[in-house]
Amino acid sequence: MKRVFTVIAVILFSTSCADDNFEVCGKISEDGHGYVYMAACDGKTILDSAEVSEGAFSFSGYADPTEIYIVSAQRDDFSRGVCFVPEKGTIRIDLSSREPASGTVLNDSFAAFAKERKNIIDASNDEFGKLRTRFVNKEISDEEFQKARTEHSKKYDPLLEELHQKCFNENIDNPLSALVLSNWMTFFDYAKMDSLLKLMPAQSADYYPIRKKMDFERNVLETRPGNPFRNFTGYDLDGNTSELADFVGQGKYVLVDFWATWCVPCMGEVPYLRYIYDEYSAKGLVMVGVSVMDQVDRVKNTVAKEKMVWNHIYDRDNVATQTYGINGIPQIILFSPDGTILARDLRGDEMKAKIKEIFSSEK
């Protein structure tokens, strides 16, 4: 259905709405300026823009309580977005705060959930902070600290689980289920996500953060050991186009290290990688470093300084980690000569042992 939106600059943070409309009455800061944007839940489709006047802005349009929209502002010193359900009534959004939208039934309900969630997280962080301080000050041993951490998780994890489950169940037939799930899904795998999405309206399940999470988890499933490699395109360190397929699936074992210069654990793997390269490259092993979320000049300098003399692909467009379902680096993957994924999550001595096993059996 075609929607028509109008932009109204406002000074006061209050107004009234037409019977079938929603109106967003927003503020950003006392010295607010520039434009604020309203987008669809796909995170890309811009529905409208409003110029900030005396720190305030406003949007209005036809109410649709099955949708989720986002209001956001991007400035050099400020970046903030707030999701809301465009239901009938006056919806208040303060981009200068960390508060959710409020003013209508569903938005108030989510704001209450968010407040309770924040209270639990704040209490958890406060308690854990005190525990960690005691450990740093050597008031408790490492064993006591680990035991206390476990008890801390047992105390707070169920509280968050219960809160999310309750609010999700109460809003299973409206868009709040998507907003709750987007705050809850960090540690869910594909199967868990799929089971929850089947309970929700299709429109809510298509909420952009959820769809992105599902795409990511699907990539995790499809790049487990036993699956064929998935290609992606990046650049070599001279700026020329380079693909993973230039190396993988070409008849040799290939060890691929997804890394970044700023990643301390990644740099901790470099001595192991240098050893493996020196020991096995002459025997046919191909090694590729895939630098992610980094700057090419830093990558070049680190490669030279650390004598990382193997092949390199610079992932300028941030596609490699999504393609392989990687949510933490280093991630080191071993591929067979035909391109099948043999192993993931290789590290240190375990990685050395795996390579030694393969090349011992090749004799």
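Residues numbered from 1 in each chain as written. Predicted model: local features only at pLDDT ≥ 70, side-chain atom pairs only at ≥ 80, totals over all residues. Heavy atoms only, no water.

Caption draft 1: Local environment of the overall build of the protein chain. Helix and strand counts for the protein chain stand at 11 helices and 15 strands. Each principal axis of the C-alpha distribution contributes one length, and for the protein chain these read about 80 × 55 × 40 Å. Contacts in the protein chain between residues at least 24 apart in sequence constitute 62% of all its contacts with a sequence separation of at least 6. Of the accessible surface of the protein chain, which amounts to about 19,200 Å², a share of 49% is contributed by carbon and sulfur atoms. Computed over 43 positive and 56 negative side-chain charges, the separation of the two mean positions in the protein chain equals 5 Å. (Helix = DSSP H or I, 4+ residues; strand = E, 2+ residues; numbered from the N terminus. Contact = heavy atoms within 4.5 Å. Areas by Shrake-Rupley, 256 points an atom, 1.4 Å probe, with all protein chains shown as cover. Lys, Arg positive; Asp, Glu negative; His and termini not counted. Charge placed at Lys NZ, Arg CZ, Asp CG, Glu CD.)

Caption draft 2: Structural view of helix α1 (residues 105–136). For α1, with 32 residues, the first-to-last C-alpha span of 46 Å sits near the 46 Å given by 1.5 Å per residue. Within α1, the full set of buried residues consists of Leu106, Asn107, Phe110, Ala111, Phe113, Ala114, Ile120, Ser124 and Leu131. Positioned one or two residues after α1, Lys138 has a phi angle of 60 degrees, which is positive. (Expected span 1.5 Å × (residues − 1). Buried < 20%, exposed > 50% of the residue type's maximum accessible area, 1.4 Å probe, protein only.)

Caption draft 3: Geometry of the environment of Gly81. Here Gly81 shows up in strand β7 (residues 78–84). In sequence terms Gly81 and Ser177 are 96 residues apart; their C-alpha atoms lie 19 Å from each other.

Caption draft 4: Representation of the state of the cysteines. Tallied over the full model, the rule gives one disulfide. In this model, Cys263 is linked to Cys266 through a disulfide, with the two sulfur atoms separated by 2.4 Å. The disulfide joining Cys263 to Cys266 has a torsion of about 80 degrees about its S-S bond and is therefore right-handed. Neither residue differs from the other here; Cys263 and Cys266 are each classed as buried. (Disulfide = S-S within 2.5 Å.)

Caption draft 5: Spotlight on the nonpolar core. Residues Leu255, Val256, Phe258, Leu285, Val290, Tyr324 and Phe335 are the most contacted members of the largest nonpolar core, which totals 45 residues. Of all the secondary structure elements, the ones that give two or more residues to this core are β11 (254–259), α8 (270–280), β12 (286–292), α9 (296–305), β13 (311–315), β14 (331–335), β15 (341–343) and α11 (348–361). Discounting residues that sit within four places of it in the chain, Leu255 has contacts with Leu273, Ile276, Leu285, Val286, Met287, Val288, Ile332, Ile333, Leu334, Leu346, Met351 and Ile355. By size, the runner-up hydrophobic cluster in this structure holds 27 residues, among which are Tyr156, Cys167, Ala178 and Trp184. (Core = buried A, V, L, I, M, F, W, Y, C linked by side-chain atoms within 4.5 Å.)

Caption draft 6: Examining the packing of α1 against helix α2 (residues 142–170) more closely. The geometry of α1 relative to α2 is characterised by a closest axis approach of 11 Å and an angle of 180 degrees between their N-to-C directions. Of the possible angle classes, the one that applies to α1 and α2 is roughly antiparallel. Of α2, the residues touching α1 (which contributes Phe113, Glu116, Arg117, Ile120, Ile121, Ala123, Ser124, Glu127, Phe128, Leu131, Arg132 and Phe135) are Asp142, Phe145, Ala148, Arg149, His152, Lys155, Tyr156, Leu159, Leu160, Leu163, His164 and Cys167. Its residues assigned to classes, the contact of α1 with α2 comprises 14 nonpolar, three polar and seven charged. (Axes fitted to C-alpha atoms, helices over the stretch in contact; angles between N-to-C directions. Parallel < 35°, antiparallel > 145°, perpendicular 65-115°, else oblique. Nonpolar A, V, L, I, M, F, W, Y, C, P; charged D, E, K, R; others polar.)

Caption draft 7: Representation of the environment of Ala320 in the model. One can find Ala320 in helix α10 (residues 320–323). In sequence terms Ala320 and Ser141 are 179 residues apart; their C-alpha atoms lie 41 Å from each other.

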